[in-house]
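Listed below are the residues making up each chain.
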Amino acid sequence: MSEESKKSAEKTANTQAANPNPSPASTPHEAGSQQVIGEGSAKLGNAPVGASGVPVSMQSPTAPASPAAPGTPTSATGSPSAEKAAEKASETPRDKTDIEKKDSATSEAKAQAAATSGVEMFTVTVDGLSVEVPKGTAVIEACFRAGADVPYFCYHPRLESVGACRMCVAAVELEQFGARRTAIMTTCNLQVQNGMVVKTGTPDVKKAQNGILEFLLANHPLDCPICDRGGECPLQNMTIAYGPPTSRFIEEKRHFPKAVPLSDFVILDRERCIQCMRCTRFTDEIAGDGQLDLLDRGAESKIAVFSDTKFTSNFSGNTIEICPVGALTSRTYRFAGRPWEIKSVDSICAECGNGCNIAVQHRMGEVVRINGRTNEDINEEWTCDRGKFGQYYINSDKRLSSPLIRREGRFVESTWEEAFGMIADRLSQIKAQYGAGSIAGIGSTRCTLEENYLLGRVMRGVIGTNHLDHQMSSYPLLPMQTTIAEIENFKTIVSVGMELQREQPIVYLRVYKAKRRKGANWIEVASLDSGVEAILRQVGAEAVLLLPHHLQASELERAFAFCQETGTKFNLLLPDANSWGAPTAGILPNALPGMRPFADGRADVERMWGVKLSDAPGKAAGDIFASAAKGEIKAIYVMGNDPAKEFADPSQARRGLESAAFVVVQDLFLSDTAQFADVVLPSSSFAEKDGTFVNIEGREQKIKQAIAPRGNSRPDWRILADLMARLGTPVPYFSARDIYREYRRASGA
Amino acid sequence: MSVFSEETIARLDELISRYPTKKAALLPALWVAQDVGGGVLNPDAMEAVASHLELPPAEVQGVATFYTMYNKVPRGKFAIEICHNVPCMAFGAEELIAHCEHSLGISAGETTPDGHITLARVECLGACCNAPAVQIGSKYYENVSAEHIDALIVQIKSLPDNPDHTPQGLISETASF
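This is a predicted model, so every value here is computed, not measured.

## Side note on the overall build of chain B
Scanning chain B from terminus to terminus reveals seven helices and four strands. The order of helices and strands in chain B, counted from the N terminus, is α-α-α-α-β-α-α-β-β-β-α. Of the contacts formed within chain B by residues at least 6 apart in sequence, a portion of 64% connects residues at least 24 apart. Carbon and sulfur atoms make up 56% of the accessible area of chain B, which totals about 8800 Å².

## Topic: the sheet that holds strand β4 (residues 139-141) of chain B
In any sheet, the strands associate via hydrogen bonds between backbone groups, in a parallel or an antiparallel arrangement. Residues and elements named next belong to chain B. Read from one edge of the open sheet, four strands run β2-β1-β3-β4, paired in mixed fashion. The open sheet terminates on both sides in strands that have one partner only, identified here as β2 (117-122) and β4. This sheet shows a mean twist of 20° between the axes of neighbouring strands, independent of strand direction. As paired elements, strand β3 (residues 134-136) and β4 share three bridges and run antiparallel to each other. Looking at β4, one finds that Q135 is bridged to Y140. Contacts from helix α6 (residues 93-104) reach β1 (78-83), β2 and β3 within the one sheet, and its direction differs from that of β2 by about 160°.

## So, the sheet that holds strand β17 (residues 439-442) of chain A
Across the sheet, seven strands lie side by side as β16-β15-β27-β26-β25-β17-β18 (chain A); this open sheet has mixed pairing. For this open sheet the edge positions go to β16 (410-413) and β18 (468-469) of chain A, each flanked by a neighbour on one side alone.

## A closer look at the state of the cysteines
Residues and elements named next belong to chain A. This structure, assessed with the given rule, holds zero disulfides over all chains. Sulfur of C224: no disulfide; nearest cysteine sulfur belongs to C227 and is 6.4 Å away. We classify C224 as buried; its relative accessible area is 15%. With no disulfide of its own, C349 lies 5.9 Å from the sulfur of C356, the closest cysteine sulfur. When its relative accessible area of 7% is taken as the criterion, C349 is described as buried.

## A word on the domain arrangement of chain B
Segmentation of chain B into domains returns domain 1 (6-66) and domain 2 (78-158). Here domain 1 of chain B and domain 2 of chain B have C-alpha centroids that lie 29 Å from each other.

## Some remarks on the environment of K630 of chain A
Position of K630 of chain A among the secondary structure elements: in helix α19 (residues 621-630). C-alpha of K630 of chain A to C-alpha of K102 of chain A: the two residues are 528 residues apart in sequence and 59 Å apart in space.

## With respect to the side chain of N71 of chain B
All names here are of chain B. Summarising the element assignment, N71 is placed in the loop between α4 (57-66) and β1. Among the polar contacts listed, one links the side chain of N71 to the backbone oxygen of G39, at a separation of 3.0 Å. Discounting residues that sit within four places of it in the chain, N71 has contacts with Q34, G39, V40 and L41.

## A word on the interface of chain A and chain B
Taken together, the contact pairs 12 residues of chain A with 15 residues of chain B. Taking both partners together, chain A and chain B bury about 1100 Å²; carbon and sulfur atoms supply 59% of that area. Summed over the shared surface of chain A and chain B, the result is zero salt bridges. Taken together, chain A and chain B are joined by three residue pairs in polar contact (both at pLDDT 80 or more).

## Some points on the nonpolar core
Residues and elements named next belong to chain A. Counting residues in each nonpolar core, the largest one holds 116 residues, and the members touching the most others are I493, L545, L546, L547 and Y637. Take this core: its biggest share by element is eight residues, from helix α12 (residues 449-463). Membership of the second largest hydrophobic core comes to 32 residues, among which are I320, C323, V325 and A327.

## Some details on the side chain of N695 of chain A
All names here are of chain A. Examined against the element boundaries, N695 turns out to sit in the loop between β28 (691-694) and β29 (700-703). A polar contact of 2.8 Å, which involves the side chain of N695, links it to the side chain of E697. Contacts of N695, omitting those with residues within four sequence positions, involve G353, N354, G355, I378, I484, A577, W580 and Q701.

## Quick word on unusual backbone geometry
Following A131 of chain B, the chain continues to P132 of chain B via a peptide bond in cis, the omega torsion being -5°. Considering the arrangement of structural elements, one finds P132 of chain B in the loop between β2 and β3. Although it is not a glycine, S307 of chain A sits at a positive phi angle of roughly 40°. With respect to the helices and strands, S307 of chain A occurs in the loop between β10 (302-305) and α9 (317-322). A residue is classified by how much of its surface remains accessible, and S307 of chain A, at 26% relative accessible area, is partly exposed. For M595 of chain A, which is not glycine, the phi torsion reads 55° and is therefore positive. Topologically, M595 of chain A is positioned in the loop between β23 (591-592) and β24 (596-597).

Reading the values: rules and limits
- Residues numbered from 1 in each chain as written.
- Chains lettered and ligands numbered in written order.
- Predicted model: local features only at pLDDT ≥ 70, side-chain atom pairs only at ≥ 80, totals over all residues.
- Heavy atoms only, no water.
- Helix = DSSP H or I, 4+ residues; strand = E, 2+ residues; numbered from the N terminus.
- Contact = heavy atoms within 4.5 Å.
- Areas by Shrake-Rupley, 256 points an atom, 1.4 Å probe, with all protein chains shown as cover.
- Pairing = 2+ DSSP bridges.
- Axes fitted to C-alpha atoms, helices over the stretch in contact; angles between N-to-C directions.
- Disulfide = S-S within 2.5 Å.
- Buried < 20%, exposed > 50% of the residue type's maximum accessible area, 1.4 Å probe, protein only.
- Domains from an automatic or database assignment.
- Polar contact = N/O pair within 3.5 Å; in protein donor to acceptor, adjacent residues only side chain to side chain.
- Buried area = accessible area lost by both parts, 1.4 Å probe.
- Salt bridge = Lys/Arg side-chain N within 4 Å of Asp/Glu carboxyl O.
- Core = buried A, V, L, I, M, F, W, Y, C linked by side-chain atoms within 4.5 Å.

Okay, structure coming up:
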């Protein structure tokens with residue numbers, strides 16, 4: 001016996017020895033095997049994400065009403081006490097929670113829809129519990145629906161099943177060649193038959209699972225102590241729950257390269273790979289670029305990119321998350337911490353307007369990684385690489401850590417007190433000398449709704465100017481006519497003048513899904529002139545038109561009018577995390593919170609803010625910079641924006657900023673615009689504050705603070721609230737939530 | 001863009017026309033690429049096939065590397081392909097390979113310096129009943145012993161050229177290449 005395999009065998013044995021009397025609750029498999037078949041008891045709530053998407057209805061022979069309803073989380077694990085608890089629960093049924101009600105309503109609705117649309121429903125008995133599922137459902141999904149615990153590695157609810165890992169075996173009794181027979185079969189690539197009987201916990205099944213894991217671990221390096229996946233690794237978890245206590249393999253393990261960089265973000269450990277092909281199926285079926293594939297054959301099989309190329313997919317990071325072992329790991333998170341040391345905070349991605357649900361994961365005050373969270377309406381469970389790997393600027397040393405004041409042409413660090421004093425003095429002085437109309441504000445499509453609202457209040461309510469804008473290039477604010485999820489139902493999808501993969505990654509995933517799974521026709525054209533009208537005239541209402549914000553406003557209006565005519569859905573896709581939040585917060589020259597025109601919202605807002613709003617017409621960003629260059633606008637207050645770099649005509653913005661007598665910039669970094677500032681205030685990133693982002697669909701989603709603001713920085717809303725007090729209008733805002741409530745009332749909700 | 005001549009592209013298009021999808025033409029397309037590449041399938045050719053069949057290059061490489069009949073490195077005029085999978089191994093395939101390595105003076109996977117003979121380990125040849133199995137060109141040799149293979153090597157060395165150096169000669173559909 002080689003030294004290494006001896007060690008690994010001991011290690012596996014020790015894992016078991018450490019827990020000589022495993023309680024049924026800690027070993028789901030044993031719990032399952034103790035279940036009495038035919039009793040109608042079932043463990044529920046373990047179904048993975050996708051299983052809830054399977055339209056099914058459930059029938060429980062003995063307890064048809066309450067605790068066996070789909071999605072009901074119970075602790076019934078088969079142990080005597082748990083069974084008692086389950087019995088108790090069935091005596092006094094508790095009310096379903098809202099989520100459970102919604103869940104069962106959805107599955108009933110789906111089952112009904114399936115029934116009315118002519119989909120045949122099959123009855124399958126899993127561990128004595130019968131469930132009704134539509135024809136075509138995989139057996140593993142029926143098992144999850146019945147609450148049975150089936151272990152798996154390669155199965156993934158969003159990918160086509162290949163039966164590569166062989167872990168999901170169960171004893172399946174089915175009709176074959178005119179006879180009923182029972183066989184140990186993989187359940188992920190087997191479709192249900194009517195009257196099928198599945199047993200997930202028989203001794204045969206357990207032996208098979210033991211054997212599969214023994215094979216999978218035969219060459220697995222078991223280098224868990226230095227593996228980034230250790231602690232959140234399905235292979236570890238399955239081994240504890242289903243694995244053999246020891247291994248019969250005494251041979252030296254195979255050795256392969258252990259740290260192969262596939263790209264700047266993804267690193268491959270060939271020894272740990274179990275060839276489940278989740279990553280290759282992801283690149284093929286979900287991302288659509290097929291950049292990863294299984295090369296070579298047999299024992300030499302390896303996951304790789306073509307020849308000497310790089311894994312350049314914009315969705316490469318997802319393969320790290322779906323890898324069931326530590327084969328694909330992140331280069332940015334490499335050795336950055338153990339999973340159990342990491343705190344995770346649910347948030348929303350700040351990189352583009354799609355509004356992916358993410359988990360910001362941090363360790364000791366540093367963001368170490370971003371993971372995707374499931375939201376079926378937006379990102380399903382995916383993220384793009386910009387969202388996953390593009391957020392490390394949060395930890396950057398180049399971030400501003402204290403306020404800067406320009407003295408004799410150079411920035412000098414100062415205290416917040418000093419900076420606020422200077423801003424309040426100069427703004428009051430300019431207002432007194434040149435009138436409120438000589439002050440302008442620039443909001444941001446990357447700051448939260450609350451912060452933009454507060455900037456609007458400071459500018460309109462405290463200073464009294466209407467010169468407010470957020471757009472760095474002018475585009476019409478036309479709402480999307482479908483949701484992101486609805487895009488996948490169109491037969492024709494026309495995208496104009498953009499690289500969808502990079503600019504609107506999550507919209508792209510829906511478009512590709514429509515093309516791949518539903519046979520939609522995706523037409524990419526360079527401009528609206530390339531025959532778009534002819535296409536739309538042909539397909540009309542069955543089509544959706546996707547447009548970027550950077551087309552000419554006149555072109556967009558023309559396309560909009562044309563879509564009205566043909567019935568095509570018109571989706572203008574805005575670029576930034578809060579492209580809709582800034583205007584709805586009222587950062588427009590001519591609109592109040594809620595995008596209400598003055599005539600409509602004035603009374604509400606004046607009452608709430610306790611001021612009389614100015615009647616002077618507001619100026620848009622271009623006019624603000626032009627007026628500043630002419631000397632009409634003396635002060636510009638820029639929050640979280642960088643017009644010196646990002647304005648449609650940067651030189652015009654630079655001229656304006658240069659001529660303005662007083663410029664304040666709130667930003668994370670010393671941006672190009674900050675170079676023109678008299679006072680620069682360090683603000684916090686999205687991971688360091690609470691707030692609301694409004695995505696391209698107009699969906700409001702909350703971001704939550706994960707870590708303390710870096711250095712001496714403060715959230716933009718906090719800065720503005722403090723400044724309001726200095727300007728003589730103290731309002732006790734304690735949280736972003738306070739501001740959100742005020743915004744709702746101000747917008748007439 | 002493509003490394004293929006117009007004539008080769010015409011051959012590929014003709015193959016594609018025989019199948020319901022472009023992807024289905026992948027195996028014969030790779031034969032064509034190997035044929036025009038002088039018996040070798042290099043990554044450039046794989047990429048060209050991929051772009052012509054609208055497939056990801058990685059998928060094409062995956063298929064090409066799966067089959068030992070596609071030569072990723074140049075081979076000699078004759079290839080002695082010895083199966084090393086379980087039944088053959090149990091009946092002495094490893095000893096046979098070692099014997100050939102010794103008598104040819106090369107390791108498995110290499111070609112003799114005169115470019116005449118390549119020795120290769122291959123996956124299952126489907127002749128498990130008469131293991132160990134060896135394939136040379138389109139011919140199968142079963143129950144092969146060290147004496148047999150020595151005789152075969154002598155025979156091969158006497159031949160100037162191999163009339164059918166790839167198994168594609170066996171496939172009637174692709175025989176027209």
